[in-house]
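# Coordinate analysis (summary)
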Amino acid sequence: MSKVLAFYLPQYHPIKENDEWWGEGFTEWTNVSAARPRFSGHHQPQIPADMGFYDLRLSETREKQALLAKNYGIDGFCYYHYWFNGKQLLERPLKEVLSAKHPDFPFCICWANENWTRAWDGMERQVLISQDYTDQDSEQHVAALLDYFNDERYIKVNGLPIFLVYRPDRIPNPVQYFAKWRAKAVDSGLPGLYICAVKNGFVELSDEDILNLGYDAIVDFQPDRRDFPVASSTSQFLVDVTRKILPKFIYQLLKTKVSAVNKVNYAALVSNIVKKSWPKAYRKFPCVFPSWDNTARRKTPTVIQNLDSNVYARWLEYAVDSVSSYPENEKIVFINAWNEWAEGCHLEPDRKVGRAFLEATKQVVERASK
């Protein structure tokens, strides 16, 4: 039976750095609540229903999330982890999950190893805090993770803690880099680590190239522009062409000046993906999403709106079937995401869709288990 894991964003409590960068009291809800419809029928703003505008500093919130996820077929959360040269951001929710031993719900970690920039207001080139990969930093980083890896709730493959790297192409000499991590894990009593490269739309390496860098598996992160259907509108066509022909820095500058919407047909995207044959010779874990819309963060958003849980269920069924021939511990499917509210990408119920995507998830999981 496949293990279904949902990406989990910890950006729902104020921190000193966000106060300085974005204003006092800033959290993800600041952008979410300010979003407005950009076209007729646009599902914005997306307002949480059952959970409300929660604060992840509260244990009651984390317990309720875990119970809701468990009741609808989710086997664990994959927490985004932010580490910058010895400094962590947004670490409090998972740190408290570790120390309190609650909720009793499986989890793993995805290192979001990108520079933190002003991308939310279009200033991608302005770096707020940078990423580094020195030997000293690497040793300090893995030491900080060992308590998580050794936790009995941590998700493992044949005893190996599973650890995701969001930008595998950014790690210098990854074979050597993670060899030291694996050795530290062994020293702590673990058999090693199971390190997954997240192949998102920014990663241009082939699967073969990624695996040759020493990663154990690949996560086919979605949405990925390479799977988008042919432009279905003039505005999307112009956005696609502009992105391809302009130098990157000019395109990024243009995005701060021009207001446009890049609309992608969700059903057509799913149709493209489910026609693919899935690799059997190596481990590649599929990723699905119920809907996607980063209007809350971007002046020029990409909107992949979906209000039909049946289409989402079709994609999830394909994903579960794709890994059905893998060894039992490697039958893993990811969902983007549990709570990416500012990207319009969440299983948590909102006022319009309710629990429809949760219900669809549960039904797919239950059918697959029979």
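Scope of this entry: the structure provided in the associated data block. Being a predicted model, the structure only gives us computed values, none of them experimental. (Residues numbered from 1 in each chain as written. Predicted model: local features only at pLDDT ≥ 70, side-chain atom pairs only at ≥ 80, totals over all residues. Heavy atoms only, no water.)

## Thoughts on the overall build of the chain
Quick note on the threshold: Going along the chain from the N terminus, every DSSP run of H or I of four or more residues is numbered as a helix, and every run of E of two or more is numbered as a strand. Atoms counted for the radius of gyration: C-alpha only. Globule rule: 2.2 Å times residue count to the power 0.38. Think of it in three bands: with a 1.4 Å probe and only protein chains considered, a residue is buried below 20% of the maximum accessible area for its type, exposed above 50%, and partly exposed in between. What makes two residues a contact is simply this: any of their non-hydrogen atoms within 4.5 Å. Using a 1.4 Å probe, accessible areas were evaluated by the Shrake-Rupley method; residue-level cover was limited to the displayed protein chains. Charge counting follows a simple rule: Lys and Arg are positive, Asp and Glu are negative, and His as well as the terminal groups are ignored. We put the charge of a Lys on NZ, of an Arg on CZ, of an Asp on CG and of a Glu on CD.
Counting its secondary structure elements, the chain contains twelve helices and 15 strands. In terms of C-alpha radius of gyration, the chain reaches 20 Å, essentially the compact-globule figure of 21 Å for 370 residues. The principal-axis extents of the C-alpha atoms in the chain amount to approximately 55 × 50 × 45 Å. By residue count, 55% of the 370 residues in the chain fall in the buried class. Long-range contacts, defined here as pairs at least 24 residues apart, represent 74% of the contacts in the chain between residues at least 6 apart. Within the structure as shown, the chain displays about 16,000 Å² of accessible surface, and the carbon and sulfur contribution to it stands at 50%. Of note, the chain has its 46 positive side-chain charges centred 5 Å away from the centre of its 46 negative side-chain charges.

## Here's the deal with the packing of helix α5 (residues 135-149) against helix α6 (residues 174-187)
The following threshold applies: Between the N-to-C directions of two axes lies an angle of 0 to 180 degrees, each axis being a line fitted to C-alpha atoms and, for a helix, fitted only over the stretch in contact. Helix crossings fall into two classes, left-handed where the near helix is turned counterclockwise from the far one by less than a right angle and right-handed where it is turned clockwise. Any residue outside Ala, Val, Leu, Ile, Met, Phe, Trp, Tyr, Cys, Pro, Asp, Glu, Lys and Arg is labelled polar, Gly included; the first ten of those are nonpolar and the last four are charged.
Viewed as axis vectors pointing N to C, α5 and α6 meet at an angle of 35 degrees, and their least axial separation amounts to 10 Å. Our pair here, α5 against α6, has a crossing hand that is right-handed. Residue-level inspection shows Asp-135, Ser-138, His-141, Val-142, Leu-145 and Leu-146 of α5 in contact with α6, the latter providing Tyr-177, Lys-180, Trp-181, Lys-184 and Ala-185. Counted by class, the contact of α5 with α6 contains six nonpolar, two polar and three charged residues.

## With respect to helix α3 (residues 59-71)
Threshold: The length a helix should cover is 1.5 Å for every residue beyond the first. When we speak of the arc, we mean the arc of directions from the helix axis to the C-beta atoms.
For α3, spanning 13 residues, the distance from its first C-alpha to its last is 18 Å, which sits close to the expected 18 Å at 1.5 Å a residue. Taken as a whole, α3 has its buried residues at Thr-61, Arg-62, Gln-65, Ala-66, Leu-68 and Ala-69. Buried positions in α3, seen along its axis, are confined to an arc of 165 degrees and lie on one side of it. Across from the buried face of α3, at angles greater than 90 degrees, the exposed residues are Glu-60, Leu-67 and Lys-70. Those residues of α3 hidden inside the fold are in contact with β1 (3-8), β2 (76-84), α4 (92-100) and α12 (356-368). In the segment just after α3, Gly-73 is the residue with positive phi, at about 90 degrees.

## Things to note about unusual backbone geometry
Here Gln-222 and Pro-223 are connected by a cis peptide whose omega angle stands at 5 degrees. Tracing the sequence through the fold places Pro-223 in the loop between β10 (217-220) and α8 (234-245). In this chain, Asn-336 is followed by Ala-337 through a cis amide linkage whose omega measures 15 degrees. Residue placement: Ala-337 occurs in the loop between β15 (332-335) and α12.

## Some remarks on the sheet that holds strand β13 (residues 292-293)
Definition in use: By this definition, two strands are paired if DSSP reports at least two bridges between them.
Taken together, three strands build an open sheet; the order of strands is β11-β14-β13 and the sheet is mixed. Each having just a single partner strand, β11 (262-263) and β13 make up the two edges of the open sheet.

## As for the environment of Val-127
Secondary-structure assignment places Val-127 in strand β6 (residues 123-129). Placed 59 residues apart in sequence, Val-127 and Val-186 show a C-alpha to C-alpha distance of 36 Å. Here Val-127 is in contact with Asn-115, Trp-116 and Thr-117, once residues within four sequence places are set aside.

## Concerning the pattern of salt bridges
Formally: Criterion for a salt bridge: a side-chain nitrogen of Lys or Arg within 4 Å of a carboxyl oxygen of Asp or Glu.
Applying the stated criterion across every chain yields a total of 23 salt bridges. Across the pair Asp-151 and Lys-101 runs a salt bridge, and its minimum N-O distance is 3.1 Å. One end of the pair, Asp-151, is in the loop between α5 and β7 (156-157); the other, Lys-101, is in the loop between α4 and β4 (107-111), with 50 residues separating them in the sequence. Residue classification places Asp-151 among the buried residues on the basis of a relative accessible area of 2%. In this structure, the salt-bridge partner of Arg-283 is Glu-330, at a minimum N-O distance of 3.0 Å. Here Arg-283, found in the loop between α10 (266-274) and β12 (284-288), pairs with Glu-330, found in the loop between α11 (309-322) and β15; they are 47 residues apart in sequence, far enough to count as distant. Grouping residues by exposure puts Arg-283 and Glu-330 together as buried. Look at the salt bridges and you will find they share partners, linking Lys-16, Glu-17, Glu-20 and Lys-87 into a network.

## Quick notes on the pairing of strand β8 (residues 160-165)
What counts, and what does not: Here is how to tell: hold the view so the strands point away, follow the path from the first strand over the helix to the second, and if it runs clockwise the crossover is right-handed.
With five of six residues buried, β8 lies mostly within the body of the structure. Here β4 runs beside β8; their pairing, made up of three bridges, is parallel. For Trp-111, the partnering residue across the bridge sits in β8 and is Val-165. Both β7 and β8 contribute to a ladder of two bridges, which runs antiparallel. In the sheet register, Val-157 faces β8, and the bridge partner there is Leu-160. Between the end of β7 and the start of β8, which pair antiparallel, lie two residues, with Asn-158 showing a positive phi angle near 50 degrees. Note that the unit made of β8, α6 and strand β9 (residues 194-198) has a crossover that is right-handed.

## Some thoughts on the packing of aromatic side chains
Selection criterion: Aromatic pairs are defined between Phe, Tyr and Trp rings, using the six-membered ring for Trp, whenever the two ring centres lie within 6.5 Å; interplanar angles under 30 degrees are classed as stacked, those over 60 as edge-to-face, and all others as tilted. A ring is scored as having a charge over it whenever the NZ atom of a lysine or the CZ atom of an arginine sits within 6 Å of its centre and within 35 degrees of its normal.
If you walk through the whole model with that rule in mind, you get 39 aromatic pairs. On the basis of an interplanar angle of 50 degrees and a centroid distance of 4.7 Å, the ring pair of Tyr-12 and Trp-29 is categorised as tilted. Here the residue Tyr-12 occupies a position in the loop between β1 and α1 (16-22), and Trp-29 occupies one in helix α2 (residues 28-34), the gap between them amounting to 17 residues. Given a relative accessible area of 8%, Trp-29 falls into the buried group. Between Phe-178 and Trp-181 the ring centres are 5.2 Å apart and the planes differ by 85 degrees, which places this aromatic pair in the edge-to-face class. Placement of both Phe-178 and Trp-181 in helix α6 is noted, with a separation of three residues, approximately one turn of the helix. For Phe-178, a relative accessible area of 2% puts it in the buried group. Sitting over the ring of Phe-39, Lys-263 keeps its end group 4.3 Å from the ring centre. The positively charged end of Lys-362 is found above the aromatic ring belonging to Tyr-72, 5.6 Å away from the centroid.

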